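# Notes for the structure review
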Amino acid sequence: MSKSPLVNMMKGVVVGMVAGACLGVAGKSAADENPKIHKKVCRVKRTMNDVADTAKYMFK
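Residues numbered from 1 in each chain as written. Predicted model: local features only at pLDDT ≥ 70, side-chain atom pairs only at ≥ 80, totals over all residues. Heavy atoms only, no water.

## What to know about a positive patch on the surface
What counts is decided by this rule: Patch definition: residues above 30% relative accessible area lacking any salt bridge, with like charges linked at up to 9 Å and the nonpolar side chains Val, Leu, Ile, Met, Phe, Trp and Tyr linked at up to 5 Å. Computed with the Shrake-Rupley method and a 1.4 Å probe, the accessible areas treat only the protein chains shown as cover for residues. Basic side-chain nitrogens of Lys or Arg form a salt bridge, by our definition, when they fall within 4 Å of a carboxyl oxygen of Asp or Glu. Only four residue types enter the charge count: Lys and Arg as positive, Asp and Glu as negative, with His and the chain ends excluded. In this description, the location of a charge corresponds to atom NZ of lysine, CZ of arginine, CG of aspartate or CD of glutamate. Where helices and strands are cited, they refer to DSSP runs of H or I of at least four residues and of E of at least two residues respectively, numbered from the N terminus. Working definition: with a 1.4 Å probe on protein chains only, accessible area under 20% of the residue-type maximum means buried, over 50% means exposed, and in between means partly exposed.
On the surface, Lys 36, Lys 39, Lys 40, Arg 43 and Arg 46 cluster together into a positively charged patch. Along the chain, the position of Lys 40 falls in helix α2 (residues 35–58). Note on Lys 40: relative accessible area 55%, which makes it exposed.

## So, the environment of Lys 45
Mapped onto the secondary structure, Lys 45 falls in helix α2. On the basis of relative accessible area, Lys 45 is assigned to the exposed category, the value being 56%. C-alpha separation for the pair Lys 45 and Glu 33, spaced twelve residues apart in sequence, amounts to 18 Å.

## Quick word on the packing of helix α1 (residues 5–33) against α2
Our working rule: Simply put, an axis is a line fit to the C-alpha atoms, just over the touching stretch for a helix, and the angle between two N-to-C directions goes from 0 to 180 degrees. Note on angle classes: values under 35 degrees are labelled roughly parallel, values over 145 roughly antiparallel, values of 65 to 115 roughly perpendicular, and the remainder oblique. Residues are treated as being in contact if the distance between any of their heavy atoms lies within 4.5 Å. Residues are grouped as follows: Ala, Val, Leu, Ile, Met, Phe, Trp, Tyr, Cys and Pro are nonpolar; Asp, Glu, Lys and Arg are charged; every other residue, Gly included, is polar.
At their nearest, the axes of α1 and α2 sit 5 Å apart, and the two run at 125° to each other. Relative to α2, the element α1 is oriented oblique. Residues Ala 30, Ala 31 and Glu 33 of α1 form the contact with α2, whose participating residues are Pro 35, Ile 37, His 38 and Val 41. Partitioned by chemical class, the residues of the contact of α1 with α2 number five nonpolar, one polar and one charged.

Okay, structure coming up:
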């Protein structure tokens, strides 16, 4: 019996969320130990915030 596409999609979403959480924890610990990485992480956060704001503006 084959699985429905919805089940496969949900599995993909869950795997992506778990992978993102693992990378987030590893990145946070690395950023706390190294000030250069912390600075770069802050810059990436600001850039992603700007991208999200731009996308929000485009969909209005």
